[in-house]
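Listed here are the chains, written in short residue letters.
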Amino acid sequence: MLTYDAYHRPTSLPEALRLWRDAPEGSRLVSGATDLLPAARDGRLGDVHLPALIDLTGVTELRGYDFANGHVALGAGTVYQDFLTDPVLRRALPCMPYVSIWFADDQIRETATLAGNLVNASPVADGTPPVVALNGLVELSKLDGDAITSRRVAVRDFITGPGRTVIAPGEIMTRVFLDTCYGYGGAFQKVGQRRSLVISVACCAALVKLDESGRVFEDVRLALGGVGPGPIRLDDSERMLRGEPLSEELMQAAAGLAAEKVASRSRRDYRRDVVVSFVRAALSEALSNAGAKAPLQTMEDMANV
């Protein structure tokens, strides 16, 4: 059961930051509460009693998004359903609709925020690999006297371990900055017992951009979740593919490199096996969505050209 001494629902960022700065130790911020409420209801955290619960869903400054210099700045209140229903975000962030399909159900997607998923820093969070693949930055804001100060941190540096981040006392995540990837094909693969409403064994986000011929990797972005203490960018696999002609063997080799990144303490051998398969599947899906010319060549085909 979740109980609290005080419940606050600020309507502006200065009010939210003041409440958070002055909140008693042990208080919590929520924006959707799709993690806290089930944990308290199901007993994973036992009975949860908070000195204060600060609900950010009414804060105007945390809504909406804007574009500048090849990036989109998402308000921290952006929910996963937005990536499915907003045509502008679907085009700009082509992997995010596929993430959202895997992310629970319609009701949860309407309230679960991308920022909340990042702050929770679960090793098996669906939202962190695509954000890493999109070179995500988070904006952290706090009050310095009466003035609001902010800093930006790369998501790769923001998450330091399971449930751990660099967010400091008094700070609230206010925006998430992502690269816009117009013209890329996006994909997301998740290994679990069901398509949604399930914690990942592992997951992979992929973004692929092809050259004008549709037969060469112009750019590749790959990131894993659930195989270590935090999200992992597959830099080696990306470098292997970038600038190369499409081929089945090359993609299989790049997927094989991903298995070396598995650092989970549990079911490591299993995760290594499945990582190769679903990285390969994510690449194939992203290629299809990018408009790749089929069929893919084999190394033998290219040698005979």
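Not measured: the values here are computed from a predicted model.

About the thresholds
- Residues numbered from 1 in each chain as written.
- Predicted model: local features only at pLDDT ≥ 70, side-chain atom pairs only at ≥ 80, totals over all residues.
- Heavy atoms only, no water.
- Salt bridge = Lys/Arg side-chain N within 4 Å of Asp/Glu carboxyl O.
- Buried < 20%, exposed > 50% of the residue type's maximum accessible area, 1.4 Å probe, protein only.
- Phe/Tyr/Trp six-rings, centres within 6.5 Å; stacked < 30°, edge-to-face > 60°.

**Overview of the pattern of salt bridges**
Line of reasoning, step 1. Tallied over the entire structure, the rule returns 16 salt bridges.
Line of reasoning, step 2. Notably, a salt bridge pairs D219 with R221, separated by 3.2 Å at the nearest N-O pair. There is no split in this pair, since D219 and R221 are both buried.
Line of reasoning, step 3. With a shortest N-O distance of 2.6 Å, R233 and E238 are connected by a salt bridge.

**Regarding the packing of aromatic side chains**
Think of a pair of aromatic rings as described by two things: how far the centres are apart, and how the planes are tilted against each other in angle.
Line of reasoning, step 1. Counted by the stated rule, this structure contains four aromatic pairs.
Line of reasoning, step 2. A ring pair is formed by Y65 and F67, whose centres lie 5.7 Å apart and whose planes are at 85 degrees; its orientation type is edge-to-face.
Line of reasoning, step 3. Look at F67 and you get partly exposed, because its relative accessible area is 35%.
Line of reasoning, step 4. Taking 6.1 Å as the distance between ring centres and 70 degrees as the angle between the ring planes, the aromatic pair formed by Y80 and F83 counts as edge-to-face. A single burial state applies to Y80 and to F83, both of which are buried.
Line of reasoning, step 5. An aromatic cluster of at least three residues, connected via ring pairs, comprises Y80, F83 and F103.

Treat this as a map of the structure, not an account of what it does.
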